[in-house]
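Given next are the chains, with one letter for each unit.
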Amino acid sequence: MNATRTKPVAQAVMAQRFSGTGLDRHEYFPTPPWGTRALCEHILDLRGQSVWEPACGGGHMARALAEYAACVEASDIVPRGFGTPFDFLALESPHQTPPPFAAADWVITNPPFRHVGDFIRIGLSQARCGIAMLGRLQLLEGIERWHSIWKPWRGHITVAPFVERLPMEEGLVAPDTSTATAYAWLVINKQQTGQPPLRHIPPCRATLEKPGDYDPLETIQAVRALKTKRVQARAAK
């Protein structure tokens, strides 16, 4: 297929993917696969383990987890062509929705930041061994998080910040994305205490990137075009 046909098709797919779901509403910032591999290489040994990725988006994290874990199940509230459609937060609804999968050893994801506390709490209730959540370093702050996470799970928590920046961009994964935001993995091991509270992830992007990690150029251009149109529409109001 030539470029003149590929680009409109990619734009149509992206428009369908994001129309009606709202890029802003769901805080869709997919994780570059090397950021997930860094967790598995330096912090958490997933050999022989099962994982549930409950905010899988387009599958960037789930596919990387599958390189290490014995079994990876994936879901997301928004269908983006990967995983099982499922609202993870509905597990705490009055009419509790049963999980779509059997219990996993670990719940690992990059949740919407405004719901990170909910994902941690529900993840701990669902996982046999524990959770690993990717989030901004602001996750370390907050009185509510102190009472719900840091205090009750003291000794079970490891915070693993990236020494180099992990660049994430709304709606896509691209090799040229940059960021001023610092990210870290938060790991809570329910079964073992005495976990090291701080473990830095050393520089590893260059060694952990693989061919095919990033979205196709046509997809990157299409999503960025949609975001530009959104900004222009807002400015015109």
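The structure under discussion appears in the preceding block.
No experiment lies behind these values; they were computed from the predicted model shown.

### Thoughts on the environment of V163
Within the secondary structure layout, V163 lies in the loop between β6 (157-161) and β7 (183-189). Sequence-distant contacts of V163, defined by excluding residues within four places in its chain, comprise H200, I201, P202 and P203.

### Topic: the layout of surface pockets
By volume, the largest pocket is sized at about 620 Å³. In this structure, the largest pocket is lined by 35 residues; those nearest its centre are H26, E27, N110, P111 and P112. Looking at the lining of the largest pocket, the elements that each hand over two or more residues are α2 (23-26), α4 (60-65), α5 (116-126) and β5 (130-136). In terms of residues, the lining of the largest pocket owes the most to one element, β5, which gives three residues. The class makeup of the residues in the lining of the largest pocket is 19 nonpolar, eight polar and eight charged.

### Observations regarding the nonpolar core
Within soluble globular proteins, side chains that are nonpolar generally end up buried alongside one another. Counting 28 residues, the largest nonpolar core has L46, I108, F162 and W185 as the members making the most contacts within it. Put simply, the parts of the chain that give this core at least two residues each are α3 (33-42), α4, β4 (106-109), β5 and β7. Take this core: its biggest share by element is four residues, from α3. One finds A55, F88, V116 and L139 within the second-largest nonpolar core, a separate group that totals 25 residues.

### Topic: the packing of aromatic side chains
As enumerated under the stated definition, the model contains five aromatic pairs in all. Arranged with centres 6.1 Å apart and planes meeting at 45°, the rings of W52 and F86 form a pair that is tilted. On the criterion of sequence distance, the pair formed by W52 in strand β1 (residues 50-53) and F86 in the loop between β3 (84-85) and β4 is long-range, its members being 34 residues apart. Taken as a pair, W52 and F86 share a single burial class, namely buried. Judged by centre distance (5.5 Å) and plane angle (85°), the ring pair of W52 and F101 falls under edge-to-face. Here the residue W52 occupies a position in strand β1, and F101 occupies one in the loop between β3 and β4, the gap between them amounting to 49 residues. The residues W52 and F101 share a single accessibility class, namely buried. Pairwise contacts between aromatic rings join W52, F86, F88, F101 and F119 into one cluster. Of note, R80 hangs over the ring of Y28, and the distance from its end group to the ring centre comes to 3.8 Å. The positively charged end of R136 is found above the aromatic ring belonging to F113, 3.8 Å away from the centroid.

The rules we used
- Residues numbered from 1 in each chain as written.
- Predicted model: local features only at pLDDT ≥ 70, side-chain atom pairs only at ≥ 80, totals over all residues.
- Heavy atoms only, no water.
- Helix = DSSP H or I, 4+ residues; strand = E, 2+ residues; numbered from the N terminus.
- Contact = heavy atoms within 4.5 Å.
- 1 Å grid on protein atoms, 1.4 Å probe; cavity = no way out; pocket = protein on both sides within 12 Å on 5 of 7 lines; lining within 4 Å.
- Points joined across faces, edges and corners; volume = space filled by probe spheres on them.
- Nonpolar A, V, L, I, M, F, W, Y, C, P; charged D, E, K, R; others polar.
- Core = buried A, V, L, I, M, F, W, Y, C linked by side-chain atoms within 4.5 Å.
- Buried < 20%, exposed > 50% of the residue type's maximum accessible area, 1.4 Å probe, protein only.
- Phe/Tyr/Trp six-rings, centres within 6.5 Å; stacked < 30°, edge-to-face > 60°.
- Lys NZ or Arg CZ within 6 Å of the ring centre and 35° of its normal.

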